[in-house]
Amino acid sequence: MLEVKGLRKEYGGLTAVKGISFNLNPGDIFGFIGSNGAGKTTTIRMIATLLEPTSGTAVLNGADVRKDPMAVRRMIGYMPDFFGLYDDVKVWEYLDFFAAIYQVPVKERPGIIDSVLELTNLTVKRQAFVQSLSRGMQQRLCLARCLVHDPALLLLDEPASGLDPRARAELKELIAELGRMGKIVIVSSHILPELADFCNTVGIIERGELLAFGPVSQIVKDIQPHRVFAAHVLKDPEVAMQTLIQLPSVVDAKLVDGELRIEFVGDIEAQADIVALLVDKGFRLAAFREDSADLEDVFLKLTTGAVN
Ligand SMILES: Nc1ncnc2c1ncn2[C@@H]1O[C@H](COP(=O)(O)OP(=O)(O)OP(=O)(O)O)[C@@H](O)[C@H]1O
Ligand SMILES: [Mg+2]
């Protein structure tokens, strides 16, 4: 497991990461969300042993990034936000080179290269030159390179940037597969909805502080404790609002853009009662639907958009 304990980084007068702590277990896919300058790359680089923490530490399967960085490096695959690939090298040579760096025994290398090529859907490009690959393929090759030594933890810093929608979908599927293989995956992004559907845990960082950590559904619940229904009443919506607010299941009702926004606590019967009441009282109900918090709203509510 990965334990991040009070991790902190100061750059001169600026504190980029302000003592953050969290734990992740094998199979966890952690979406690390924050705006530009929030501290994602700094945190990831500290866990990757490439940047020394000012204080605090991270421990991966018992190995401490400060005391035993070499042991940590053998267990991680790090895909930086900007990476260069070597020119005039074929795809398989590139992977063979990294397998050699990680001291994968010569005999095992061909089999491992085959399987990472297959996993990243690059088998047909085995003999291609690295510079001839498209951006999305290069991204996948970089990920393949991170896998040759079968790491326990993958650190992927904005792996989806610059990819088209299809390539993004493929990348998500690949990351989900890594989770099923029992790896811990940390994947950073600016965009919460982009990660929400395939991460089991998300963390929202702003100005070096972890504002929220946990399953997406829990974070949404914390931000919006009640369910919300939207009702479109054609005539006299204010009167309808006053009527609804009498109900014990209605915590609050507001008019937003001509629609009723009903904050609701209750069961399915109470939910049906709302519709029945509106119809019984003669309101012309054109639409009634659940309006759950948009993930982008959650992100915007949590963060103030302030940067360092
Ligand atoms: N080497 C450095 N020296 C000084 N300040 C730095 C250094 N690296 C990062 N910073 C500052 O630390 C803060 C966090 O930067 P970081 O790169 O970790 O953010 P990020 O969340 O990865 O942002 P982005 O989404 O733009 O990649 C920023 O204010 C940045 O300017
Ligand atoms: Mg970054």
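Residues numbered from 1 in each chain as written. Chains lettered and ligands numbered in written order. Predicted model: local features only at pLDDT ≥ 70, side-chain atom pairs only at ≥ 80, totals over all residues.

K.L.:
Whenever I open this one, the overall build of the protein chain confuses me. Can you help?
P.N.:
Broken down by element type, the protein chain carries 11 helices and 14 strands. At 24 Å, the protein chain has a C-alpha radius of gyration far larger than the 19 Å of a compact globule built from 308 residues. When its C-alpha atoms are laid out on the principal axes, the protein chain stretches across 80 × 45 × 30 Å. Of all 308 residues assigned to the protein chain, the portion counted as buried reaches 33%. (Helix = DSSP H or I, 4+ residues; strand = E, 2+ residues; numbered from the N terminus. Rg over C-alpha atoms; globule rule 2.2 N^0.38 Å. Buried ≥ 20, exposed ≤ 12 C-beta atoms within 10 Å, placed from the backbone.)

K.L.:
What exactly am I supposed to notice about the packing of helix α3 (residues 91-101) against helix α4 (residues 109-119) here?
P.N.:
For any two helices packed against each other, the geometry is given by the interaxial angle and the distance between the axes. Between α3 and α4, whose axes approach to 10 Å, the crossing angle comes to 120 degrees. By the criterion of interaxial angle, the relationship of α3 to α4 is oblique. As for the relative orientation of α3 and α4, their crossing is right-handed in sense. Contacts between α3 and α4 pair Trp92, Leu95, Asp96 and Ala99 from the former with Arg109, Ile112, Ile113 and Val116 from the latter. Classifying every residue of the contact of α3 with α4 gives six nonpolar, no polar and two charged. (Axes fitted to C-alpha atoms, helices over the stretch in contact; angles between N-to-C directions. Parallel < 35°, antiparallel > 145°, perpendicular 65-115°, else oblique. Left-handed = near helix turned anticlockwise from the far one by under 90°. Contact = placed C-beta atoms within 7 Å. Nonpolar A, V, L, I, M, F, W, Y, C, P; charged D, E, K, R; others polar.)

K.L.:
Help me understand the sheet that holds strand β2 (residues 14-24) in this model?
P.N.:
Sheet strands associate in pairs through backbone hydrogen bonding, adopting either a parallel or an antiparallel arrangement. The strand order across the open sheet formed by four strands is β2-β1-β4-β5, and the pairing between neighbours is antiparallel. What marks the edges here is a single partner per strand, and that holds for β2 and β5 (63-64). As paired strands, strand β1 (residues 2-11) and β2 are joined by eight bridges and run antiparallel to one another. Considered in β2, the bridge of Glu10 is made with Thr15. Against the sheet, helix α1 (residues 40-47) engages β1, β2 and β4 (55-60), with an angle of about 120 degrees to β1. (Pairing = 2+ DSSP bridges.)

K.L.:
Is there a simple way to think about the pairing of strand β6 (residues 76-79) in this case?
P.N.:
Both faces of the sheet carry side chains from a regular strand, because those side chains alternate between them. Side-chain alternation along β6 places Ile76 and Tyr78 on one buried face and Gly77 and Met79 on a second face that is also buried. Strand direction decides the pairing type here: β6 and strand β7 (residues 153-156), joined by four bridges, are parallel. Within the sheet, the bridge partner assigned to Gly77 lies in β7 and is Leu154.

K.L.:
Please explain the domain arrangement of the protein chain as it appears in this structure.
P.N.:
The accessible area lost on association of the parts is a frequent measure of interface size. Each assigned domain of the protein chain is listed with its residue range as follows: domain 1 (2-217) and domain 2 (225-292). Inter-centroid distance (C-alpha atoms) of domain 1 to domain 2 is 46 Å. (Domains from an automatic or database assignment.)

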